[in-house]
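# A look at the structure
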Amino acid sequence: MSLSTDDRRAQESGTPPVKTRAAAGDRPVTKDMPLRHRLRRDRTLILMTLPAMVLLLVFAYIPLAGNVVAFQDYDPYIADNAFQAIAQSPWVRFEWFQQMVNDRLFWSALRNTLTIFLLQLTLFFPVPILLALFINSFVRPRVRAVAQAILYLPHFFSWVLVVTVFQQMFGGAGLIAQTLRENGHEGFDLMTDPGLFKFLITFEMIWKDAGWGVIVFLAALAAVSPDLYEASAMDGANRWRRMWHITLPALRPVVALLLVLQVGNALTVGFEQILLQRTAVGPGASEVLDTYVWNVGITNGGFSYAAAVGIIKGIFGLLLVLGANKVAHLMGEQGVYKK
């Protein structure tokens, strides 16, 4: 291979060759490119994301200014519009937060929320991983496609339909209870049992959304090179060892990311699902923070107190995300963001 003039001179002088800038036809380095050039280059992508950014700004960030009512005795009927009502409402500082600390119903809702979250983390989170491993073991792509379609079809059902299906199966007048009575046994009604309510909504979530979560893990498994499996099989590794040393390490970054996001949603455990079944089991077993805020703020008109509960919920959610992401960094994973 022939050397350039600079390389020959460097060899004769004994000094390493100097790296020059890329040729005119090479792609320029992004960090050296001026901002206006990068905007011009990515203008199509920016225009594509602009509607999403506007929606996020209007419906997520601008409403954050309304949290100021948590420090006021807010009355929406004191003026003609919400802005004037906020301006004219008296300030009470941290009175609503002090009331929240002494509120027995708030602590009961918080306890139910954390209990449901732990059940969902223990019972729901591993199910998509196991289903993805099971589907990935199928040899025929046609069987995989059919299994995926069957599993994630319930994701497109509304919670009204999901609760109706469970009512028709496990309710007092459901199929299983009627079959037991026809055969001389005592029936049952799982839909109105407060002690089993938390397990019930967890299994409803598994039936509805576990199949949809399989897609994420199957996408991660699709990135694993088949050569790794072939090489390990030639070295004598059986199916279980290949799964332990190849498949599971490939899923580890995705599992860490989804676990961080799941922990961030620890205080949000399904408002619509629980609200639909709240009457059947009573508020003692079903009241969570989301339904508590709904009842206090919307039903009873306590907007300021509900906003204070929402602020505390958001702060704890942020702290949980930061803590879980720190644990992911200690485990060697990226998490939601890099160090």
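Higher on the page you've got the structure.
Below: a short report on this structure.

What counts and how
Residues numbered from 1 in each chain as written. Predicted model: local features only at pLDDT ≥ 70, side-chain atom pairs only at ≥ 80, totals over all residues. Heavy atoms only, no water. Patch = residues over 30% accessible without salt bridge, like charges linked within 9 Å, V, L, I, M, F, W, Y side chains within 5 Å. Areas by Shrake-Rupley, 256 points an atom, 1.4 Å probe, with all protein chains shown as cover. Salt bridge = Lys/Arg side-chain N within 4 Å of Asp/Glu carboxyl O. Helix = DSSP H or I, 4+ residues; strand = E, 2+ residues; numbered from the N terminus. Buried < 20%, exposed > 50% of the residue type's maximum accessible area, 1.4 Å probe, protein only. Phe/Tyr/Trp six-rings, centres within 6.5 Å; stacked < 30°, edge-to-face > 60°. Axes fitted to C-alpha atoms, helices over the stretch in contact; angles between N-to-C directions. Parallel < 35°, antiparallel > 145°, perpendicular 65-115°, else oblique. Left-handed = near helix turned anticlockwise from the far one by under 90°. Contact = heavy atoms within 4.5 Å. Nonpolar A, V, L, I, M, F, W, Y, C, P; charged D, E, K, R; others polar.

## Looking at a nonpolar patch on the surface
Where nonpolar side chains cluster on the molecular surface, the patch consists of L47, L50, M53, V54, L55, L56, L57, V58, F59, Y61, I62 and L64 and spans about 1,200 Å² of accessible area. Summarising the element assignment, L55 is placed in helix α3 (residues 43–61). Of the residues examined, L55 reaches a relative accessible area of 52% and is grouped as exposed.

## Quick notes on unusual backbone geometry
With a phi close to 60°, R93 is a non-glycine residue in the positive phi region. Mapped onto the elements of the fold, R93 is located in the loop between α4 (82–88) and α5 (95–101). Judged by relative accessible area, which is 64%, R93 ranks as exposed.

## Topic: the packing of aromatic side chains
In the structure shown here, the tally under the stated rule is 15 aromatic pairs. Their ring planes at 40° and their centres at 5.6 Å tell us that F166 and F170 sit as a pair that is tilted. Taken together, the positions of F166 and F170, both in helix α9 (residues 159–170) and 4 residues apart, correspond to about one turn of that helix. Note on F271 and W294: the rings are 5.6 Å apart at their centroids and 55° apart in plane angle, and the pair reads as tilted. Taken together, the residues F271 in helix α14 (residues 271–281) and W294 in helix α16 (residues 289–299) connect sequence positions 23 residues apart. Given a relative accessible area of 27%, F271 falls into the partly exposed group.

## Description of the packing of helix α13 (residues 239–264) against helix α17 (residues 303–330)
The N-to-C vectors of α13 and α17 enclose an angle of 160°; their axes lie 8 Å apart at closest approach. Judged by the angle between their axes, α13 and α17 are roughly antiparallel. The chirality of how α13 crosses α17 is right-handed. Residues V260, V263 and G264 of α13 pack against G317, L320, V321, A324, N325 and A328 of α17. A breakdown of the residues in the contact of α13 with α17 according to their chemical character gives 6 nonpolar, 3 polar and no charged.

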